[in-house]
Amino acid sequence: MGVPQNLCTSCGKPLFARYDLKEAARTLTPQSLTTRGKSLWRYREVLPVRKDEDIVTLGEGWTPMLHVPRLGAKLGMERLYIKDESQNPTQSFKARGMTGAVSMAKQYGLKKLAVPSAGNAAGALAAYAARAGIEAHIFMPADTPQANIIECRETGAHVTLINGLITDCGMEVAKRKAAEGWFDVSTLKEPFRVEGKKTLGYELAEQLDWKLPDAVLYPTGGGTGLIGMWKAFDEMQQMGWIGSERPRLYTIQASGCAPIVRAFEEGKRFADEFPNAATKASGLRVPKAIGDFLMLDALRASGGGVVAVPDEEMIQAVRELGSAEGIFAAPEGAACYAALKHLRAQNVIRADEQAVIFNTGAGVKYLECFHD
Ligand SMILES: *Cc1c(COP(=O)(O)O)cnc(C)c1O
């Protein structure tokens, strides 16, 4: 962890942080957690950053795991839960990743960070960079939700809008970073966003009394959260907190951009770029993900699956979920509820099972999606 790194310089694939888990487990125990602070930094021993003073925090993580009986009843389920990530700083779970990446950037003494983003990653980077006194250079598609563009400007970032997709934004960052002296914090091309996001897996276990649920529904773009959770389960098993059981992981994507769904169904280990990607769920508008094989391996090993949801269904699901439970979900989160209806109809997820939906962001950041 001595020098900033992006991808592996020999194979071009993502790098992952490893910990001495035996050492970590001496002080980090389910018992010790009962008295720790209510942020994701409660899992300090399995997070990067050498010195506490380099941690850049806005109070992220430890979001509520809400039992949603009224919503569950519509599907005949008693044990349906929503992990409400809209309650993070900058109103999405991208805060988890950026607290990791920006804290490490501070440790390394980096001065300029750059990111291509479909929306919420930009807002989170802008906020955490401002908090650290570091420059943020952000590249977003021109049709990114207004809230994301405005929040970046108002938290002091340098914002460039690109006529294209997140992949085009990524190419722009790659082309200019050397000359501009930017460090690229693209998801999985930087090793510590996934470390922040893996705390989703720790919280899932801790908030459900160390018994993982039967099924997890995750709205999947770049897949950092999914890959992070899978890593967290492994770490928790090595520390002796859980056994070899795993929840079945379900990747939920938009019908207009479903590369992982397609690859899973075709039995492929790598996903082809999804042509003409289009969806209102900006967080899911990722036509090509560098961690595709990591997601596909995890989905298959968990015995889970995939569902693609049309935009109309996910937007309708926002109101259904909102009026049943009072959670104004992002379209990405609501897509998981729409997908769950299909999985229940096919009895892929049974009525007596415990399922957790990740509401990854706040509906209020997507006002242009809603009409009366
Ligand atoms: C980024 C984002 C996603 C996708 O997350 P990944 O970990 O990149 O798959 C889902 N929902 C929202 C609201 C997002 O901002």
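Calculation rules
Residues numbered from 1 in each chain as written. Predicted model: local features only at pLDDT ≥ 70, side-chain atom pairs only at ≥ 80, totals over all residues. Heavy atoms only, no water. Helix = DSSP H or I, 4+ residues; strand = E, 2+ residues; numbered from the N terminus. Rg over C-alpha atoms; globule rule 2.2 N^0.38 Å. Buried < 20%, exposed > 50% of the residue type's maximum accessible area, 1.4 Å probe, protein only. Contact = heavy atoms within 4.5 Å. Areas by Shrake-Rupley, 256 points an atom, 1.4 Å probe, with all protein chains shown as cover. Lys, Arg positive; Asp, Glu negative; His and termini not counted. Charge placed at Lys NZ, Arg CZ, Asp CG, Glu CD. UniProt positions renumbered as here; feature names shortened; annotations may be inferred. Near = heavy atom within 4 Å. Polar contact = N/O pair within 3.5 Å; in protein donor to acceptor, adjacent residues only side chain to side chain. Nonpolar A, V, L, I, M, F, W, Y, C, P; charged D, E, K, R; others polar. Core = buried A, V, L, I, M, F, W, Y, C linked by side-chain atoms within 4.5 Å. Phe/Tyr/Trp six-rings, centres within 6.5 Å; stacked < 30°, edge-to-face > 60°.

This part takes up the overall build of the protein. Tallying secondary structure elements over the protein gives 14 helices and 10 strands in all. Whereas a compact globule of 372 residues would reach a radius of gyration of roughly 21 Å, the protein reaches 19 Å, a difference of no more than 12%. Taking the principal axes of its C-alpha atoms as reference, the protein extends roughly 55 × 50 × 40 Å. In the protein, buried positions account for 60% of the 372 residues. The long-range fraction of contacts in the protein, counting pairs at least 24 apart against all pairs at least 6 apart in sequence, stands at 70%. With the model as given, the accessible surface of the protein reaches about 14600 Å², and the carbon-plus-sulfur share is 50%. Across the protein, 44 positive and 43 negative side-chain charges occur, with their mean positions spaced 3 Å apart.

Our focus in this paragraph is the UniProt feature "domain: Tryptophan synthase beta chain-like PALP" (unreviewed entry) in the protein. When the UniProt feature table is mapped to this numbering, "domain: Tryptophan synthase beta chain-like PALP" (unreviewed entry) covers residues 56-361. Secondary structure across residues 56-361 divides into 44% helix and 16% strand, with the first and last C-alpha atoms of the span separated by 21 Å.

This part takes up the site of the ligand. Lining the immediate environment of the ligand, one finds 17 residues, of which Lys94, Tyr218, Gly221, Gly223 and Thr360 sit closest. At 2.9 Å from an oxygen atom of the ligand is found a side-chain nitrogen or oxygen belonging to lysine 197. Between the ligand and glycine 225 there is a distance of 3.2 Å, counted from an oxygen atom to a backbone nitrogen or oxygen. Alone, the ligand offers 380 Å² of accessible surface; in the complex the protein occludes 96% of this. Counted by class, the shell around the ligand contains four nonpolar, 10 polar and three charged residues.

With that settled, consider the nonpolar core. Inside soluble globular proteins, nonpolar side chains tend to come together where they are buried. Leu113, Leu125, Ile138 and Leu204 are the most contacted members of the largest nonpolar core, which totals 85 residues. The element best represented in this core is helix H5 (residues 120-132), accounting for nine residues. With sequence-adjacent residues up to four places away left out, leucine 204 is seen in contact with Met65, Leu212, Pro213, Val216, Met229, Phe233, Val356 and Phe358. Listed in part, the 37 residues of the second largest apolar core include Val68, Leu80, Ala281 and Leu343.

Our focus in this paragraph is unusual backbone geometry. Excluding glycine, most residues fall at negative phi; most peptide bonds, likewise, are trans. Here leucine 188, not a glycine, exhibits a phi torsion of approximately 65°, which is positive. Residue aspartate 209 is not a glycine yet carries a positive backbone phi of 55°. Residue position: aspartate 209 is located in the loop between helix H9 (199-207) and strand E7 (215-219).

Moving on, we come to the packing of aromatic side chains. Going through the model one piece at a time under the given rule, you end up with nine aromatic pairs. Summarising the aromatic geometry, the rings of tyrosine 43 and tyrosine 202 are spaced 5.1 Å apart at their centres and angled 35° between planes, so their arrangement reads as tilted. Taken as a pair, tyrosine 43 in the loop between helix H2 (30-33) and strand E1 (65-67) and tyrosine 202 in helix H9 lie far apart in primary sequence, 159 residues in all. Plain terms: the ring middles of tryptophan 210 and tryptophan 241 are 5.2 Å apart, the flat faces sit at 75° to each other, and that makes the pair edge-to-face. A residue pair is termed long-range when its members are at least 10 positions apart, and tryptophan 210 in the loop between H9 and E7 and tryptophan 241 in the loop between helix H10 (224-238) and strand E8 (248-254) qualify at 31 residues.

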